[in-house]
Amino acid sequence: MGKGFFRVPPAVNEPVKSYAPGTPEREEVLLTYKDLYNKKVDIPLYIGAEEIKTGKTKSIHPPHDHQHDLGVYHLAEKKHITQAIDAAMEARKKWAKLPWEQRAGVFLKAAELISGPYRYKLNAATMIGQSKNIYQAEIDSACEIADFIRFNVEYMTEIYEDQPESDAEAWNRVEYRPLEGFVYAVTPFNFTAIAGNLPSSAALMGNVAIWKPSASQMFSARVLMDVFKEAGVPDGVINMVMGDPAMITDIVLDSPEFADVHFTGSTDVFKGMWSKIGNNIDKYKSYPRIVGETGGKDFIIAHPSSRAKQVSTAISRGAFEYQGQKCSAASRVYLPKSMWPTIKEQLEEDLSSFKMGSPEDMGNFINAVIHERAFDKLAKYIDQAKKDKKAEVVIGGNYDKSKGYFIEPTVILTTDPKYTTMVTELFGPVVTIYLYDDKKWEETLHLVDETSPYALTGGIFSQDRYAAAQATDILQDAAGNFYINDKPTGAVVGRQPFGGARASGTNDKAGSKLNLLRWVSPRLIKETFVPATDYRYPFMGE
């Protein structure tokens, strides 16, 4: 029962702590890191009120020290996925009817737990399990997930406040109902914030979720579930299941109660889901929503008027932060020939200063790639570039997986703008550069637009405003997040809503009101105060 029009606390971006030497946060996160690193976890399935240990497990290892044993997580059987669906639908009966301010209170508490007592535990778990340095962990598993939750609560109130016009004869109002069914949230390894946001954004709007985290993100996923439980998310609202992805997906998508998929991952997997949903369309109670952010082949292009140091720094950060394992990471670069000698020298200077190793050593800018499959794939492309006549490894190119999955930040120079590493998403610390004739700026812009099937992020550098405007126009479909004089990474919730089109996804803009609208099914209610008593209209008069 509504008792007032409630204002939620204004959403403010969580301040990023520095973790500089001598700061208390640095000491605290290192102590937490050591504590978690030397304990073994036993991660169950979270289904309804139960924490289920099936006995069939997989082990967890830090990517930067793959012989170290962190513990295990349990794998679901088919019956557990059906059980999770049943638990979600049972929880929906109460959760969907709960007043919105009560749901807001639950998730606002979760945000405070993340930014407060769970901050170092979630950061340390992300550092260990996903091999992120402290800065990359802080902006992800502390700040961005807290931002997602707080801003989503504010966006929810803005959505509810959007109401139609009424007059003296009738009152029109819109209810923003949750979807009829459950949401399937499939999350990636690379951002703890995405893992937390995909199920929680849907749950905030009154939905229930089946959450399948990445097998390579289990260490921090467990901490997120601890947060949700302590915040008061009721049993069955968010159910976490792990196991064979194809098996889980097949059972979920076969259910008549399936209402939506909220996905971040590979393009091929997303297309496969879309196809299965289409084939099952007659089974569902309603047309499922399909929301996904998939991948990118993100670009930087520099105009001859740009500043070399700004461009080289954008490449150093945009291509190599978190080992290039961001959907937004710069992986293809277009430079005017006149600028290459200076930019190359600056890149060599930057990359030679990069330190690589465990995130526990905070002097390390580069850590390990996520697992052996990623390592082997990247090594294969680097080796091929060393052999091909159209490519040259100009910086880096070494790798070693004896202790951890370490790929040296690598710069490839190609004479072919359609060379394989200019086109293929690699998802690692490898960037390919193509040099264009200074006079062919416009021609190269069209080349950028036509080279990749993706359209996630891109950045252009120019001191010439006409050139910047021209690039903004020609590349209007090439990136959902477009940056002028900045690297193409680092979107902040509430400031740069994130998402792309083409093969990069449905562009539903995580971190914005647009995304939350996908988790509601509006109902218009018209209440007429004095109903008509005669069917006749004035035009029928004699």
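Residues numbered from 1 in each chain as written. Predicted model: local features only at pLDDT ≥ 70, side-chain atom pairs only at ≥ 80, totals over all residues. Heavy atoms only, no water.

- As annotated in an unreviewed UniProt entry, the chain is L-glutamate gamma-semialdehyde dehydrogenase from Haloflavibacter putidus.
- Recorded in UniProt under Sequence similarities (unreviewed entry), the annotation for the chain is "Belongs to the aldehyde dehydrogenase family."
- In the Pathway (unreviewed entry) part of its UniProt record, the chain is described as follows: "Amino-acid degradation; L-proline degradation into L-glutamate; L-glutamate from L-proline: step 2/2." (UniProt positions renumbered as here; feature names shortened; annotations may be inferred.)

### Considerations on the overall build of the chain
Phase 1 of the analysis: Looking only at helices and strands, one finds 16 helices and 23 strands in the chain.
Phase 2 of the analysis: By the compact-globule yardstick of 24 Å for 542 residues, the chain fits well, its C-alpha radius of gyration being 25 Å.
Phase 3 of the analysis: Over its C-alpha atoms, taken along the principal directions, the chain stretches across nearly 85 × 70 × 50 Å.
Phase 4 of the analysis: Looking at the chain residue by residue over its 542 residues, the buried ones come to 58%.
Phase 5 of the analysis: Counted over contacts in the chain with a minimum sequence separation of 6, partners at least 24 positions apart contribute 77%.
Phase 6 of the analysis: Total accessible area on the chain stands at roughly 23,600 Å², and carbon and sulfur atoms take up 51% of it. (Helix = DSSP H or I, 4+ residues; strand = E, 2+ residues; numbered from the N terminus. Rg over C-alpha atoms; globule rule 2.2 N^0.38 Å. Buried < 20%, exposed > 50% of the residue type's maximum accessible area, 1.4 Å probe, protein only. Contact = heavy atoms within 4.5 Å. Areas by Shrake-Rupley, 256 points an atom, 1.4 Å probe, with all protein chains shown as cover.)

### Observations concerning the domain arrangement of the chain
Phase 1 of the analysis: Under the domain assignment used here, the chain contains domain 1 (27-54 + 80-294 + 505-525) and domain 2 (298-484).
Phase 2 of the analysis: Just the C-alpha atoms count here: the centres of domain 1 and domain 2 sit 32 Å apart.
Phase 3 of the analysis: Facing 20 residues of domain 1, the contacting portion of domain 2 comprises 21 residues.
Phase 4 of the analysis: For the pairing of domain 1 and domain 2, the buried interface totals around 1,800 Å² over both sides, and the portion due to carbon and sulfur atoms is 59%. (Domains from an automatic or database assignment. Buried area = accessible area lost by both parts, 1.4 Å probe.)

### With respect to the packing of helix α2 (residues 78-95) against helix α8 (residues 245-253)
Phase 1 of the analysis: Direction vectors running N to C along α2 and α8 enclose 40°, while the axes themselves pass 10 Å from each other. When the axis of α2 is compared with that of α8, the two are oblique. The two elements α2 and α8 meet at a crossing, and its hand is right-handed. Of α8, the residues touching α2 (which contributes Lys78, Ile81, Thr82 and Ile85) are Met247, Ile248, Ile251 and Val252.
Phase 2 of the analysis: For the contact of α2 with α8, the residue count by class is 6 nonpolar, 1 polar and 1 charged. (Axes fitted to C-alpha atoms, helices over the stretch in contact; angles between N-to-C directions. Parallel < 35°, antiparallel > 145°, perpendicular 65-115°, else oblique. Left-handed = near helix turned anticlockwise from the far one by under 90°. Nonpolar A, V, L, I, M, F, W, Y, C, P; charged D, E, K, R; others polar.)

### Thoughts on helix α9 (residues 267-279)
Phase 1 of the analysis: Between the first and last C-alpha of α9 there are 18 Å, a value that for 13 residues agrees with the 18 Å anticipated at 1.5 Å per step.
Phase 2 of the analysis: Buried residues of α9: Thr267, Phe270, Met273 and Ile277, and no others. All buried residues of α9 lie within an arc of 125° about the axis, which places them on one face of the element. When the buried face of α9 is taken as reference, the exposed residues oriented beyond 90 degrees from it are Asp268, Lys271 and Asn279.
Phase 3 of the analysis: The inward-facing, buried residues of α9 contact β7 (182-186), α8, β10 (258-264), β11 (289-293) and β19 (454-455). (Expected span 1.5 Å × (residues − 1). Arc of directions from axis to C-beta.)

### Here we look at the sheet that holds strand β12 (residues 298-302)
Phase 1 of the analysis: Spatially, the 7 strands line up as an open sheet ordered β14-β17-β18-β13-β12-β20-β21, and their pairing is mixed. Strands with a single pairing partner mark the edges of an open sheet, and in this sheet they are β14 (391-395) and β21 (481-484). Neighbouring strand axes in the sheet, compared pairwise and without regard to direction, differ in orientation by 20° on average.
Phase 2 of the analysis: Relative to strand β18 (residues 430-436), strand β13 (residues 330-336) runs parallel, the two being bridged by 5 bridges. Residue pairing in the sheet places Arg332 in a bridge with Thr432 of β18.
Phase 3 of the analysis: Strands in contact with helix α12 (residues 372-387) are β14, β17 (410-414) and β18; relative to β14, the strand with the most contacts, it is inclined by about 110°.
Phase 4 of the analysis: Packed on one face of the sheet, helix α15 (residues 465-474) meets β20 (457-461) and β21 and runs near 170° to β21. (Pairing = 2+ DSSP bridges.)

### Let's talk about the environment of Phe258
Phase 1 of the analysis: Within the secondary structure, Phe258 sits in strand β10.
Phase 2 of the analysis: Spatially, the C-alpha atom of Phe258 lies 5.6 Å from that of Gly181, the residues being 77 residues apart in sequence.
Phase 3 of the analysis: Contact partners of Phe258, with chain neighbours within four places excluded, come to Phe182, Tyr184, Val252, Leu253, Ile277, Tyr284 and Pro288.

### Describing the pattern of salt bridges
One side chain can pair with another of opposite charge once the charged atoms of both are near each other.
Phase 1 of the analysis: Here the structure, examined in full by the defined rule, presents 27 salt bridges.
Phase 2 of the analysis: Two residues, Glu158 and Lys513, come together in a salt bridge whose shortest N-O distance is 3.6 Å. With a gap of 355 residues between them, Glu158 in helix α5 (residues 134-161) and Lys513 in helix α16 (residues 513-516) connect regions that are remote in the sequence.
Phase 3 of the analysis: Its relative accessible area of 29% is what places Glu158 among the partly exposed residues.
Phase 4 of the analysis: Residue classification places Lys513 among the partly exposed positions, given a relative accessible area of 33%.
Phase 5 of the analysis: Each of Glu14, Glu112, Arg119, Glu138 and Arg150 takes part in one network of salt bridges that share partners. (Salt bridge = Lys/Arg side-chain N within 4 Å of Asp/Glu carboxyl O.)

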